Amino acid sequence: MRISLSGSLLLGLLVLLSQAPAKQPNIVVFLVDDMGVMDTSVPLLTDDNGQAQRYPLNDYYQTPSMERLAAQGTRFNQFYAMSVCSPTRISILTGQNAARHRTTNWINPKQDNGGKYGPPEWNWAGLNQQDVTLPRLLASLGYTTIHVGKGHFGPEQHEGAEPLNLGFQTNVAGAAFGAPGSYYGKQNYGHGTQRAHHAVPHLEAYHGSDTFLTEALTIEAKKCVDNAVQKEQPFFLYFAHYAVHAPFDSDPRFADAYRDSGKPANAQAFATLIEGMDKSLGDMLDHFEQLGIAEDTLIFFLGDNGSDAPLGHQHAVACAAPLRGKKGAHYEGGMRVPFIAAWAAPSETSVVQQGWKIPNGRIETHMASVMDLFPTILELAGSQAPVDHPLDGHSLHRLLTGEQDERHPKTFLMHYPHAPHRSNYFTVYRDGDWKVVYHTLPQEPTSGGHIQFEDGNYELFNLAEDPFESTNLASQQPARLRQMMQAMITALGDHQAVYPIDADGNELRPQLP
Ligand code: CA
C-alpha cells in the first residue's frame, strides 16, 4: 500500500515536472499602469476570423518594441483585468479574483476608501507578510525576486506598503501609492513639491537630472538583472511602470511626434508616456541579448486596467475606441488590457524553451485574465500553488503553446462594490458571448455626473454580435438576463464575495430580475 502510494506520488511529480522547462527560465512581468488594449500600435482586437484588425488609435500610438515583442510571441485579443489598480496587482500576486481576495477597490494610502455603502469586510489593508504570494513562492524555488516600479499593494503603515514584506528581495521605487508625484527628475519625482505625498522613493541618484521616471526605472531594472545574473540565479523581475498613470507629464523625448496630431495636450502627453514605456521594453530586450540570457527569459507584457487615455467621456466610445468605456467603467474599455507573452529570443534549440515554445506573431482568441499569470508562472518554475491556497486563475500553458484548451474558462467575474469612481457599485459577469452588468444603485451619482440606465439595475450585451456594447438587451431578452444573473450570483457566492451595505445595515446582494 505504502509503495503504491509513493509510486502514484512519484508519477504525479513526474507529470508535474514534465510540464516545466528543463532549466528554470527567467521570468519578467512587464506591467504598465492604466494601459488599455487600444493604447498601442499593435492591433490587439480581431475581426470575425480572428485576424488582427487595426483601428485609428493603433495609428496614433507608436510602440515599436511592443510590435517586436508581438512578432516573436503570442498576444491575446480578449484579456481581462480588474477595472482599477490594486485589485489587479493583488490578483497577479495571488492568482485570485478580487471578489475573493477582497481588495476590490484601489487602495487609498491614507484612509479606508470603501465608499459610502462599501462592504466593511473589504480588504483595504491589501497584502501582508503572511499571504501566499507569487514572489514568495518563486523565492522558495531559488529565484531572485525583484520589484521595480509601482507597488500599491497596501496602505501606509501597513505591511503591504513595502514590497519587501511580500516576497520580493529587492524593491526599487515601490510604495503604498499609485500615481507618481512627478515623472521629472528635475522635480525629484515629487520630493519637495506639492505632490510630495506621492514622491517616488529610492531614486535620489537621478534627482535634479533630466532623467524621466520611466528611464530611471529602466536603468535600475537593468542593474537588478545584472546582479541576479552575476549570482547565476534565475530571476523574477516584476517591472511595474508608473507610466502611463496620471499626472500626464509630457515626456520631452517623444513630444514632437504628437504635436500635429490634433489631439488635446494631455492626450499627446499620454502618448509620450506610452512611447517612453515602449522604449523601456525595447531597452530591456536589448539588455537581455547583451547579457546572453534572452533565450532563457520569458516576458509577460500587460496592462493593469482599462485605458485612462484622456480622449472623451468615460462611458462613451472614445478613450479605448472602438471599445466603449475606460478605466473604472463597467464597459469593456474599463477592463480589457494588452497581453503579450514571448521569449526575449525565441529559439528552436533552447533547452529552457522546451515544452514552452510560443508561436511567433500569433493571436490567441481564447478569453484569459490577470489571475492566470500566477499558475502559469509557477508551472514555468516547476511548481504549483499550495493545496490550501484557493486559486481562481488557470495556467495558460496550452494556450501559449498554440494548443486548444477547452478546459480554460470562458467566464470572467469583476466585482466593484464601491464608490465614487467612473462607475459605482457594479458587478460584471461574462460567460462566452454574453455579458451582464448589475448596478446595485443605478441612480447613484458618479464622478462624471448622474447616470441613468434605461433598464434600471441591468445591462445585457451579446459581445459576439455587439462587441462595442451599443445595445442593452436586458428588456428584450428576459430569459437570458435571468440566466446570466443567476450565474453571476452563483459565481459571487463561489468566490465568497462581500456586498455593499445600505444605511440600515442591509446587504445589497444582486437581485434576479
Ligand atoms: Ca492602474
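Cut-offs and rules
Residues numbered from 1 in each chain as written. Predicted model: local features only at pLDDT ≥ 70, side-chain atom pairs only at ≥ 80, totals over all residues. Heavy atoms only, no water. Helix = DSSP H or I, 4+ residues; strand = E, 2+ residues; numbered from the N terminus. Expected span 1.5 Å × (residues − 1). Contact = heavy atoms within 4.5 Å. Pairing = 2+ DSSP bridges. Axes fitted to C-alpha atoms, helices over the stretch in contact; angles between N-to-C directions. Domains from an automatic or database assignment. Buried area = accessible area lost by both parts, 1.4 Å probe. Salt bridge = Lys/Arg side-chain N within 4 Å of Asp/Glu carboxyl O. Polar contact = N/O pair within 3.5 Å; in protein donor to acceptor, adjacent residues only side chain to side chain. Nonpolar A, V, L, I, M, F, W, Y, C, P; charged D, E, K, R; others polar. Parallel < 35°, antiparallel > 145°, perpendicular 65-115°, else oblique. Donors = N, O, S within 2.8 Å, 3.2 Å for Na, K, Ca; no water. Tetrahedral: all angles 85-135°; square planar, octahedral: opposite > 155°, others 65-115°. Buried < 20%, exposed > 50% of the residue type's maximum accessible area, 1.4 Å probe, protein only. pLDDT = per-residue confidence, 0-100. Core = buried A, V, L, I, M, F, W, Y, C linked by side-chain atoms within 4.5 Å. Phe/Tyr/Trp six-rings, centres within 6.5 Å; stacked < 30°, edge-to-face > 60°. Lys NZ or Arg CZ within 6 Å of the ring centre and 35° of its normal.

S.K.: I'm lost on helix 7 (residues 213-230) in this one. Help?
M.R.: Every α-helix winds through 3.6 residues per turn, so residues three or four apart in the chain are directed the same way. In this model, helix 7 (18 residues) spans 26 Å end to end at C-alpha, consistent with the 26 Å of a helix rising 1.5 Å per residue. Considering only its buried residues, helix 7 is in contact with strand 4 (144-149), strand 5 (170-172), strand 6 (235-241) and helix 8 (265-290). Count one or two residues on from helix 7 and you reach Glu232, which has phi positive near 60 degrees.

S.K.: Explanation requested: the sheet that holds strand 12 (residues 426-431) in the structure shown.
M.R.: What links the strands of a sheet is backbone hydrogen bonding, and the strands pair in either a parallel or an antiparallel sense. Pairing is antiparallel across the open sheet formed by four strands, whose spatial order is 11-12-13-16. Each edge of the sheet is formed by a strand with only one pairing partner; in this case those strands are strand 11 (411-416) and strand 16 (458-462). The sheet shows a mean angle of 10 degrees between the axes of neighbouring strands, direction not considered. Two strands pair when backbone bridges link them, and strand 13 (residues 434-439) and strand 16 are joined in this way by five bridges, in the antiparallel orientation. Its bridge partner being in strand 16, Trp434 is matched across the sheet by Asn462. Across the face of the sheet, helix 12 (residues 478-494) comes into contact with strand 11, strand 12, strand 13 and strand 16 while running at roughly 70 degrees to strand 13.

S.K.: Can you walk me through the domain arrangement of the protein chain in this structure?
M.R.: The domain boundaries assigned to the protein chain delineate domain 1 (20-400) and domain 2 (411-494). Its C-alpha centre places domain 1 at a distance of 27 Å from the equivalent point of domain 2. Buried surface at the junction of domain 1 and domain 2, summed over both partners, amounts to about 2,800 Å²; 55% is from carbon and sulfur atoms. Run the count over domain 1 and domain 2 and you get two salt bridges. Put simply, Arg422 and Asp308 hold a salt bridge, and the shortest N to O gap is 2.7 Å. Counting the contacts that link domain 1 with domain 2 gives 20 residue pairs in polar contact (both at pLDDT 80 or more). Put simply, the parts of the chain that give the side of domain 1 that touches domain 2 at least two residues each are helix 5 (98-101) and helix 9 (332-335). Its residues assigned to classes, the side of domain 1 that touches domain 2 comprises 17 nonpolar, 15 polar and seven charged.

S.K.: Looking at this model, I keep getting lost on the packing of helix 3 (residues 64-71) against helix 8. Mind explaining?
M.R.: Angle between the axes and distance between the axes are the two parameters that describe a pair of packed helices. Two elements in contact, helix 3 and helix 8, have axes separated by 7 Å at closest approach and are oriented at 50 degrees. In terms of orientation, helix 3 and helix 8 fall into the oblique class. Touching Pro64, Ser65, Met66, Arg68 and Leu69 of helix 3 are Met277, Asp278, Lys279, Leu281, Gly282, Leu285, Asp286 and Glu289, all from helix 8. Of the residues contributing to the contact of helix 3 with helix 8, the split by class is six nonpolar, two polar and five charged.

S.K.: Would you mind going over the coordination of the calcium ion with me for this structure?
M.R.: Note on metal geometry: ideal angles are 109.5 degrees for four donors arranged tetrahedrally and 90 or 180 degrees for six donors arranged octahedrally. Coordination of the calcium ion by the protein comes from Asp33 (OD), Asp34 (OD), Cys85 (SG), Asp304 (OD), Asp304 (OD) and Asn305 (OD1), over a distance range of 2.2 to 2.6 Å. Coordination at the calcium ion is irregular, judged from the six donor atoms that bind it and the angles of 52 to 155 degrees they form at the metal. A relative accessible area of 0% places Asp33 in the buried class. Overall, the relative accessible area of 2% leaves Cys85 in the buried class.

S.K.: Help me out: how do you make sense of the confidence of the model for the protein chain in this one?
M.R.: A low pLDDT score tells you not to read the predicted coordinates there in detail. Averaged over every residue, the pLDDT of the protein chain is 94; the share at 70 or more is 94%. Confidence drops under a pLDDT of 50 for residues 1-17, and excluding neighbours within four residues, the segment shows three contacts in the predicted structure.

S.K.: What is the right way to read the pattern of salt bridges from this model?
M.R.: Pairing between side chains of opposite charge can happen when their charged atoms approach one another. Counting across every chain of the model gives 27 salt bridges. Measuring nitrogen to oxygen at the nearest pair gives 3.0 Å for the salt bridge that ties Lys110 to Glu156. Note that Lys110 is positioned in the loop between helix 5 and helix 6 (134-140) and Glu156 in the loop between strand 4 and strand 5, a separation of 46 residues in sequence. Among the ionic contacts, a cluster of salt bridges with common partners joins Glu215, Asp251, Arg253, Lys279 and Asp283.

S.K.: Would you mind going over the nonpolar core with me for this structure?
M.R.: Side chains of a nonpolar character, in soluble globular proteins, are inclined to be buried together. Residues Phe30, Phe288 and Phe301 are the most contacted members of the largest nonpolar core, which totals 66 residues. In terms of residues, this core owes the most to one element, helix 8, which gives 10 residues. Setting aside anything within four residues of it in sequence, one finds Phe30 in contact with Phe239, His241, Met277, Ser280, Leu281, Met284, Ile299, Phe300, Phe301 and Leu302.

S.K.: Teacher, can you tell me more about the packing of aromatic side chains here?
M.R.: Where two aromatic rings form a pair, the distance of their centres and the angle of their planes describe that pair. Tallied over the entire structure, the rule returns 23 aromatic pairs. Consider the rings of Tyr184 and Phe212, whose centres lie 5.6 Å apart with planes at 75 degrees: the pair is edge-to-face. Here Tyr184 is found in the loop between strand 5 and helix 7, whereas its partner Phe212 is found in the loop between strand 5 and helix 7, with 28 residues between them in sequence. Residue class for Tyr184 comes out partly exposed when judged on its relative accessible area of 24%. Their ring planes at 25 degrees and their centres at 6.2 Å tell us that Phe300 and Phe339 sit as a pair that is stacked. Residue Phe300 is found in strand 7 (residues 297-303), and its partner Phe339 is found in strand 8 (residues 339-343); the two are separated by 39 residues along the sequence. Linked through ring pairs, Tyr60, Tyr61, Phe248, Tyr258 and Phe270 together constitute an aromatic cluster. Across the ring face of Tyr331, the terminal group of Arg324 is positioned such that the distance to the ring centre comes to 4.0 Å. In this arrangement the basic side chain of Arg336 is found over the ring face of Tyr80, its NZ or CZ atom lying 5.9 Å from the centre.

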